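# Architecture at a glance
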Amino acid sequence: MAAQSPASPTYAIVESGSEHSSAIARLTLQAGMGALSDRGVSFVAVEDGASDAAKGEGGEGESAGVLGFVRIVRSAGRDYICPIVVDASAQGGGVGQALMTFAHERFGTLRFVARGEAVPFYESLGCRETSWSDIALDISSDCVDCPDRAGCAPQPMVWD
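A brief structural summary. (Residues numbered from 1 in each chain as written. Predicted model: local features only at pLDDT ≥ 70, side-chain atom pairs only at ≥ 80, totals over all residues. Heavy atoms only, no water.)

### With respect to the overall build of the protein
Each helix and strand in the protein was counted, giving 5 helices and 8 strands. Ordered by position in the sequence, the α and β elements of the protein form the string β-β-α-β-β-β-α-β-α-β-α-α-β. A total of 160 residues make up the protein; the buried ones form 44% of that total. Contacts spanning at least 24 positions in sequence make up 68% of the contacts within the protein whose residues lie at least 6 apart. When the accessible area of the protein is evaluated, it comes to approximately 7900 Å², of which 50% is carbon and sulfur surface. (Helix = DSSP H or I, 4+ residues; strand = E, 2+ residues; numbered from the N terminus. Buried < 20%, exposed > 50% of the residue type's maximum accessible area, 1.4 Å probe, protein only. Contact = heavy atoms within 4.5 Å. Areas by Shrake-Rupley, 256 points an atom, 1.4 Å probe, with all protein chains shown as cover.)

### Brief notes about the packing of aromatic side chains
Centre-to-centre distance and the angle between the planes together describe a pair of aromatic rings. Using the criterion set out here, one finds 4 aromatic pairs in the structure. One aromatic cluster is present, formed by F43, F102 and F107 through successive ring pairs. (Phe/Tyr/Trp six-rings, centres within 6.5 Å; stacked < 30°, edge-to-face > 60°.)

### Brief notes about the side chain of S42
Mapped onto the elements, S42 comes out in strand β3 (residues 41-47). If we ignore the near neighbours within four places in the chain, the residues touching S42 are V14, E15, S16, I24, F69, V70 and R71.

### Re the nonpolar core
Counting 26 residues, the largest nonpolar core has I81, V95, L99, M100, F112, Y122 and C127 as its most contacted members. If you list the elements that add at least two residues to this core, you get β2 (11-15), β3, β4 (66-75), β5 (78-86), α2 (95-107), β6 (110-114), α3 (119-125) and β8 (155-159). Ranked by residues supplied to this core, first place goes to α2 with 6 residues. Discounting residues that sit within four places of it in the chain, F112 has contacts with Y80, I81, M100, Y122, C127, I135, Q155, P156 and M157. Listed in part, the 8 residues of the second largest apolar core include A23, V44, V46 and V85. (Core = buried A, V, L, I, M, F, W, Y, C linked by side-chain atoms within 4.5 Å.)

### Digging into the pattern of salt bridges
Pairing is possible between side chains that carry opposite charge, provided their charged atoms lie close to one another. Overall, the coordinates contain 6 salt bridges when judged by the stated rule. Here D87 makes a salt bridge to R26, at a shortest N to O gap of 2.6 Å. With D87 in the loop between β5 and α2 and R26 in helix α1 (residues 21-30), the pair connects residues that are 61 residues apart, well separated along the chain. Owing to a relative accessible area of 36%, R26 belongs among the partly exposed residues under this scheme. Three or more residues are tied together by salt bridges with common partners; here these are R78, R111 and D134. (Salt bridge = Lys/Arg side-chain N within 4 Å of Asp/Glu carboxyl O.)

### Digging into unusual backbone geometry
Here C82 and P83 are connected by a cis peptide whose omega angle stands at 0°. By secondary structure assignment, the location of P83 is in strand β5. We note that A76 has phi near 50°; this positive angle belongs to a residue other than glycine. Mapped onto the fold, A76 is located in the loop between β4 and β5. A76 gets classed as exposed once you look at its relative accessible area, which sits at 70%. The backbone of A153 shows a phi angle near 50°, a positive value even though the residue is not glycine. Counting through the fold element by element, A153 comes out in the loop between α5 (149-152) and β8.

Structure (structure tokens):
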């Protein structure tokens, strides 16, 4: 999937590999998250013109050009976004929307927990608020134990 916004570069969304590990770690750190587990499958938005290694066409290498990623985790028979992160320098350029749309088209109904400040963005895509009981315990437990829960104001959501 190629995407473009007038103020941003073009990019492709590809399944992540080991060559994207450092970029995913950098993005989760930038977003204030801890290290991610190995569960699920991740997809990265890679800027056109990035190295072949960053695009997943080469071996190990730098992952410059990774603008964001989405990870899909299957739990209790449902698919969850856990998490989606866009590089701060690429926010507002359509990368998050492209990653969400890609995941929705590929996996169908998606559930996730949004940071409160991001709820309007997700609603603009067609997502809606849902109850905590609609979120698997192994997904929602990340929020229960989070020291920033009050500031984050997490909201369970679903995209049918």
